[in-house]
Amino acid sequence: MPPLAGGGVPLLGHGWRLARDPLAFMSRLSAHGDVVRIKLGPKTVYAVTHPDLTGALALSPDYIIAGPLWESLEGLLGKEGVATANGPLHRRQRRTIQPAFRLDAIPAYGPIMEEETHALTERWKSGETIDCTSESFRIAVRVAARCLLRGQYMDERAERLCIALASVFQGMYHRMVVPLGPLYKLPLPANREFNRALADLHLLVDEIIAERRSSGQRPDDLLTALLEAKDDNGDPIGEQEIHDQVVAILTPGSETIASTIMSLLLILADHPEQADKVCAEVDAVTCGKPVAFEHVRRLTHTNNVVMEAMRLLPAVWILTRRAVADTELGGYRIPAGADIVYSPYAIQRDPRSYERHLEFDPDRWHPQRSKDIPKYAMRPFGVGNRKCPSDHFSMALLTLVTAVLAGSFRFEQVPGSDDATRVGITLHPKQLLLKPLPR
């Protein structure tokens with residue numbers, strides 16, 4: 001049996017420590033071993049702390065997408081979307097959405113990414129305060145909607161999604177770490193706010209689907225593919241599956257991209273020397289022209305800045321799986337039905353895998369240095385059949401955003417800004433307020 005972590009209390013187990021300081025708690029577990037037992041309420045959960053074992057966990061058919069994280073997300077993502085489905089249903093759904101994210105499909109999204117990114121530099125005025133949370137969500141949502149759903153959605157919808165997601169993801173995080181189910185059904189203010197936000201998210205998705213159907217249009221996009229998709233019997237997929245798939249496209253993807261953009265803005269403000277390097281690379285690659293999608297593949301240092309930001313400040317900081325059979329992991333017995341948890345945040349800051357593990361060092365991703373990093377110590381988009389299908393799409397957008405913003409502005413935090421890490425389902429700066437200054 002794996003060792004049991006210390007510090008648990010009656011009824012709550014380790015849930016109170018996870019809720020109080022989750023990043024420190026998950027990071028300290030490696031001192032107890034490669035696999036450690038923790039208690040979340042009455043439930044025993046197995047925490048994995050070694051990168052090799054997280055790779056084995058992700059690739060083994062003995063484990064499925066399930067556990068506290070996914071149970072907490074079911075109210076948002078449902079049970080029939082690609083994010084939460086398993087087995088044959090998941091494989092069929094991947095086949096439906098994968099063409100939209102093929103490497104040869106990404107350049108078609110370039111003009112939209114460019115337009116939305118350059119719109120930021122036109123909207124932001126030198127010396128004025130920008131709210132990085134709302135601005136990051138706005139670009140993430142608009143790019144996803146316009147590229148994948150071909151929707152000309154106004155900022156009001158992006159703002160609705162931003163506000164609702166903040167409440168929904170925070171509420172789901174509390175439900176994950178302290179699983180006291182009946183208490184979350186009481187008519188308390190926090191529960192009412194959570195329920196209102198969740199209802200608005202689902203209403204927004206229904207509006208998007210209804211608008212497409214009433215328009216009679218069939219553009220070559222992901223929403224059309226979903227509306228025309230067939231199940232394994234050749235029948236149209238159900239309304240709930242279509243709904244859950246659109247939710248999976250708009251919400252987790254927008255949340256993680258927006259969180260990463262916020263972290264990148266913090267990096268550009270806190271590490272002006274790196275921002276200057278990005279700016280110099282942009283000038284060298286573009287020869288003074290506006291940054292375009294075609295330049296992204298040549299912006300190698302900018303790409304490394306994005307990678308290093310995702311290493312130190314990963315949007316997805318915790319993941320869970322469930323064992324479907326009695327099995328073993330790292331020499332420890334894992335019983336069927338057991339929940340397993342691991343933290344990319346802790347794995348990606350582990351001194352066993354990284355020299356100067358807490359230092360922001362984009363050059364560690366140069367080929368001659370990155371070969372020394374353990375294979376599964378940095379997998380921001382996952383591995384195996386659960387690998388995020390939009391990895392190339394996301395990296396292209398994040399690199400473009402970083403290049404455009406660093407090439408246009410220097411950034412400084414302003415009074416009232418709070419760059420402390422906000423921990424929820426995702427990680428991002430709590431309330432980042434920046435002042436853009438012209439280059």
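In this numbering scheme, every chain counts its residues from 1 along its sequence in written order. The predicted origin of the model limits local features to residues at a pLDDT of at least 70 and limits the giving and counting of side-chain atom pairs to 80 or more, whereas totals for whole chains, interfaces and linings rest on all residues. Computation of side-chain values covers all heavy atoms of the structure but excludes hydrogens and water.

The protein is annotated in an unreviewed UniProt entry as Epi-isozizaene 5-monooxygenase/(E)-beta-farnesene synthase of Streptomyces aurantiogriseus. UniProt positions are given in the numbering used here, feature names are shortened, and annotations may be inferred rather than shown by experiment. Per its UniProt entry, the protein bears the Cofactor (unreviewed entry) comment "heme".

Quick look at the nonpolar core
Definition of nonpolar core: a set of buried residues of the types Ala, Val, Leu, Ile, Met, Phe, Trp, Tyr and Cys, connected through side-chain atoms within 4.5 Å. Exposure is judged per residue with a 1.4 Å probe applied to protein chains only, and the accessible area is read against the type maximum: over 50% gives exposed, under 20% gives buried, and values in between give partly exposed. Counting residues in each nonpolar core, the largest one holds 131 residues, and the members touching the most others are Met 113, Leu 265, Trp 317, Ile 334, Phe 393 and Phe 411. Sorting elements by how many residues they give to this core places helix H11 (residues 239-270) first, with 16 residues. Sequence-distant contacts of Met 113, defined by excluding residues within four places in its chain, comprise Val 143, Phe 293, Phe 393, Ala 396, Leu 397 and Leu 400. Secondary structure elements follow DSSP: runs of H or I of four or more residues count as helices, runs of E of two or more count as strands, with numbering from the N terminus. Residues are treated as being in contact if the distance between any of their heavy atoms lies within 4.5 Å.

Comments concerning the pattern of salt bridges
Think of a salt bridge as a Lys or Arg side-chain nitrogen and an Asp or Glu carboxyl oxygen that are within 4 Å of each other. For the structure on display, the rule yields 24 salt bridges. Linking Arg 218 and Glu 228 is a salt bridge whose minimum nitrogen-to-oxygen distance equals 2.5 Å. Of this pair, Arg 218 sits in the loop between helix H9 (189-215) and helix H10 (222-227) while Glu 228 sits in the loop between H10 and H11; the two residues are 10 residues apart in sequence, bridging distant segments of the chain. Given a relative accessible area of 63%, Arg 218 falls into the exposed group. When its relative accessible area of 37% is taken as the criterion, Glu 228 is described as partly exposed. Via salt bridges that share partners, Glu 115, Glu 116, Arg 142 and Arg 146 belong to a single interconnected network.

Quick notes on the packing of aromatic side chains
Pairs were defined over the aromatic rings of Phe, Tyr and Trp, the Trp ring being its six-membered one, requiring ring centres within 6.5 Å. Orientation was assigned from the angle between planes: stacked under 30 degrees, edge-to-face over 60, tilted for the rest. With the rule as written, the count across this model stands at six aromatic pairs. Judged by centre distance (5.5 Å) and plane angle (75°), the ring pair of Tyr 109 and Phe 393 falls under edge-to-face. Taken together, the residues Tyr 109 in the loop between helix H5 (87-97) and helix H6 (110-123) and Phe 393 in helix H16 (residues 391-408) connect sequence positions 284 residues apart. Summarising the burial analysis for this pair, Tyr 109 and Phe 393 share the class buried. Among the aromatic residues, ring-to-ring pairing joins Phe 101, Tyr 109 and Phe 393 into one connected group. We count a charge as sitting over a ring when the NZ of a lysine or the CZ of an arginine lies within 6 Å of the ring centre and within 35 degrees of the ring normal. We note Arg 311 situated over the ring of Tyr 354; from NZ or CZ to the ring centre the distance is 4.7 Å.

Overview of the UniProt feature "binding site: heme" (unreviewed entry) in the protein
Those places that UniProt annotates as "binding site: heme" (unreviewed entry) correspond, in this numbering, to Cys 388. Within the fold, Cys 388 resides in the loop between helix H15 (367-370) and H16.

Here we look at unusual backbone geometry
Even without being glycine, Cys 287 reaches a positive phi, approximately 55°. The topology assignment puts Cys 287 in the loop between helix H12 (272-286) and helix H13 (300-312). Residue classification places Cys 287 among the exposed residues on the basis of a relative accessible area of 64%. Phi is positive for Arg 356, which is not a glycine, with a value near 45°. Relative to the helices and strands, Arg 356 is located in the loop between helix H14 (344-347) and H15.

With respect to the sheet that holds strand E3 (residues 63-65)
In short, DSSP must find at least two bridges between two strands for them to pair. Read from one edge to the other, the open sheet built from five strands follows the order E1-E2-E8-E5-E3, with strand pairing classed as mixed. Among the strands making up the open sheet, the edge pair consists of strand E1 (35-40) and E3. Each adjacent strand pair in this sheet contributes to an overall mean axis angle of 40°, direction not counted. In this analysis an axis means a line fitted to C-alpha atoms, helices contributing only their contacting stretch, and an angle means the value between N-to-C directions, from 0 to 180 degrees. Strand contacts of helix H3 (residues 51-59): E1, strand E2 (43-48), E3, strand E5 (319-323) and strand E8 (339-342), with the helix running at about 135° to E8, the strand carrying the most contacts.

Examining helix H7 (residues 132-148)
With 17 residues, H7 extends 24 Å between its outermost C-alpha atoms, agreeing within 8% with the 24 Å of an ideal straight helix rising 1.5 Å per residue. With respect to burial, H7 is a largely interior element, 17 of its 17 residues being buried. Within 3.5 Å is the distance limit for a polar contact, defined as a pair of N or O atoms, with the added protein rule that one can donate a hydrogen and the other accept it, and that residues adjacent in sequence qualify only through two side-chain atoms. One side-chain oxygen at the N-terminal end of H7 lies 3.0 Å from the backbone nitrogen of Thr 133; it belongs to Asp 131. Note on H7: the residue one or two positions beyond its end, Arg 150, has a positive phi of about 50°. Here the expected span of a helix is defined as 1.5 Å times the quantity of residues minus one.

A short note on the confidence of the model for the protein
Averaged over all residues, the pLDDT of the protein is 89; the fraction at 70 or higher stands at 96%. Within the protein, helix H4 (residues 68-77) has the poorest average pLDDT of any element, 68, and H13 the best, 98. Along the chain, pLDDT gives the predictor's confidence residue by residue, from 0 to 100.

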